[in-house]
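Here is what each chain is made of, one letter per residue.
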Amino acid sequence: MSGPLTVLVANTKGGCGKTTIATNLAGAFAAAGLTTALADGDRQGSALGWLKRRPEGAAPITGLDWGKEDGRAPRKVARLVVDAPAAMRIKRAEALIKLADVIVLPVLPSPYDEAATARFLKRIEDLKPIRKSRTAVAVVGNRLRPRTRASTRLDAFLDDIGHTVVTRLRDSTLYAETAAKGMSLFDLSTRRAAATRQDWSPLLHAVEAVV
Ligand SMILES: Nc1ncnc2c1ncn2[C@@H]1O[C@H](COP(=O)(O)OP(=O)(O)O)[C@@H](O)[C@H]1O
Ligand SMILES: [Mg+2]
């Protein structure tokens, strides 16, 4: 493989957890000692804002501003995470997907998010890297609260879409709490964080399986 292992976090639905997942993935790679870059493809700059808040001494992550156009990763980067904007033209989606080894697609338990996700999957299915399985699609159920009707419905949706559902992330206030400090769950040593981090193992394994 030439260049870094690249994970694109994308879905045309806003608020589904793209930035949360992108920053936590970057945090996980950095905590594992891998040279990591986080590219912010969204002009809102949330991922770069998160990096600005990152405390000194936290595992280093290089920020890349891809708000206006996509760049390339610096040499020697082992993992590149790209936080995609909600709205992108199919050309841009295609260019980003071409770069990616894995595309992570977060979906919230809501009928609107499910519909938007189904549409997005339909749009990208015909793109060459996906058609030829060069880019893996990993769907992630996000903000699940067990035993709620919304979660049960999302489960049914996920079972139904014909794509691999890699993991389900629980709804946790830890995400907002860490985001406010430029941190990820992987920067914390509390037991609560360790329990919540378990949700991430299948996703991290799936990404590493690509190497
Ligand atoms: N698993 C989760 N549990 C609790 N809150 C979450 C979770 N994932 C995302 N959030 C919150 O949802 C909001 C939107 O997430 P964000 O990552 O900004 O979405 P996007 O980048 O797709 O617009 C944020 O306030 C974030 O803290
Ligand atoms: Mg975002």
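The sections below set out a description of the structure shown in this document. What you are looking at is a predicted structure, and each value in this text was computed from that prediction instead of being measured.

An order of S3-S2-S4-S1-S5-S6-S7 is seen for the seven strands of this open sheet, with the pairing classed as parallel. Taken across any chain shown, the strands that pair with only one partner, and hence form the sheet edges, are strand S3 (62-65) and strand S7 (165-170). The average angle at which neighbouring strand axes cross in this sheet is 20°, direction not considered. Summarising the sheet, strand S2 (residues 36-40) and strand S4 (residues 79-83) pair through five bridges and their orientation is parallel. Paired with Thr36 across the strands is Arg79, a residue of S4.

The next subject is the nonpolar core. Grouped together as the largest cluster of nonpolar side chains are 34 residues, with contacts concentrated most on Ile21, Leu25, Leu38, Val81, Val104, Trp200 and Leu203. Mapped onto this core, the elements with two or more residues apiece are strand S1 (5-9), helix H1 (18-31), helix H2 (46-53), strand S5 (102-107), strand S6 (136-144), S7, helix H7 (174-179) and helix H9 (201-209). A total of seven residues in this core trace back to one element, the largest contributor, which is H1. Ala100, Ile103, Leu154 and Leu158 belong to the second largest nonpolar core, which has 30 residues in total.

Another point: the packing of H1 against H9. One can describe the packing of H1 onto H9 by two numbers: an axis separation of 12 Å at closest approach and a directional angle of 70°. With respect to their mutual orientation, H1 and H9 come out roughly perpendicular. Classified by chirality, the crossing of H9 by H1 is right-handed. Between H1, through Leu25, Ala28 and Phe29, and H9, the contact on the second element is made entirely by Leu203, Leu204, Val207 and Glu208. Classifying every residue of the contact of H1 with H9 gives six nonpolar, no polar and one charged.

For the rest of this paragraph, the subject is the side chain of Asn24. Checked against the element boundaries, Asn24 lands in helix H1. Asn24 sits in the buried class, given a relative accessible area of 2%. The contact partners of Asn24, leaving out residues within four places of it in the chain, are Tyr175, Ser184, Leu185, Phe186 and Trp200.

Neighbouring residues of ligand 1: 13 residues in total, closest Gly15, Lys18, Thr19, Thr20 and Asn142. One of the backbone N or O atoms of Thr19 is found 2.9 Å from an oxygen atom in ligand 1. A distance of 2.9 Å is found between a nitrogen atom of ligand 1 and a backbone nitrogen or oxygen belonging to Ser172. Its free accessible area being 560 Å², ligand 1 has 76% of it covered by the protein chains. When contributions to the shell around ligand 1 are tallied by element, the ones reaching two or more residues are H1 and S6. Of the residues forming the shell around ligand 1, the biggest block, three residues, is contributed by H1.

Turning next to the packing of helix H4 (residues 111-125) against helix H6 (residues 149-160). The relative placement of two packed helices comes down to the angle between their axes together with the axis-to-axis distance. Contact geometry of H4 with H6 gives a least axis separation of 10 Å together with a crossing angle of 15°. Relative to H6, H4 is oriented roughly parallel. Both H4 and H6 take part in a crossing whose hand is right-handed. Of H6, the residues touching H4 (which contributes Pro111, Glu114, Thr117 and Ala118) are Arg153, Leu154 and Phe157. Split into classes, the residues belonging to the contact of H4 with H6 amount to four nonpolar, one polar and two charged.

Here Asp42 shows up in the loop between S2 and H2. Despite its burial, Asp42 pairs with no opposite charge; the closest candidate is Lys18, at 6.5 Å N-O. The contact partners of Asp42, leaving out residues within four places of it in the chain, are Gly67, Asp83, Ala84 and Pro85.

Attention shifts here to the environment of Val102. Structurally, the position occupied by Val102 is in strand S5. Classification of Val102 by relative accessible area gives buried; the value is 4%. Spatially, the C-alpha atom of Val102 lies 8.4 Å from that of Leu5, the residues being 97 residues apart in sequence. Excluding its chain neighbours within four sequence positions, the residues that come into contact with Val102 are Thr6, Val7, Leu8, Thr135, Ala136, Ala138 and Val210.

Each value, and the rule that gives it
- Residues numbered from 1 in each chain as written.
- Chains lettered and ligands numbered in written order.
- Predicted model: local features only at pLDDT ≥ 70, side-chain atom pairs only at ≥ 80, totals over all residues.
- Heavy atoms only, no water.
- Pairing = 2+ DSSP bridges.
- Helix = DSSP H or I, 4+ residues; strand = E, 2+ residues; numbered from the N terminus.
- Axes fitted to C-alpha atoms, helices over the stretch in contact; angles between N-to-C directions.
- Core = buried A, V, L, I, M, F, W, Y, C linked by side-chain atoms within 4.5 Å.
- Buried < 20%, exposed > 50% of the residue type's maximum accessible area, 1.4 Å probe, protein only.
- Parallel < 35°, antiparallel > 145°, perpendicular 65-115°, else oblique.
- Left-handed = near helix turned anticlockwise from the far one by under 90°.
- Contact = heavy atoms within 4.5 Å.
- Nonpolar A, V, L, I, M, F, W, Y, C, P; charged D, E, K, R; others polar.
- Near = heavy atom within 4 Å.
- Polar contact = N/O pair within 3.5 Å; in protein donor to acceptor, adjacent residues only side chain to side chain.
- Areas by Shrake-Rupley, 256 points an atom, 1.4 Å probe, with all protein chains shown as cover.
- Lys, Arg positive; Asp, Glu negative; His and termini not counted.
- Salt bridge = Lys/Arg side-chain N within 4 Å of Asp/Glu carboxyl O.

So, to be careful, I would describe these as geometric facts and stop short of saying anything about function.
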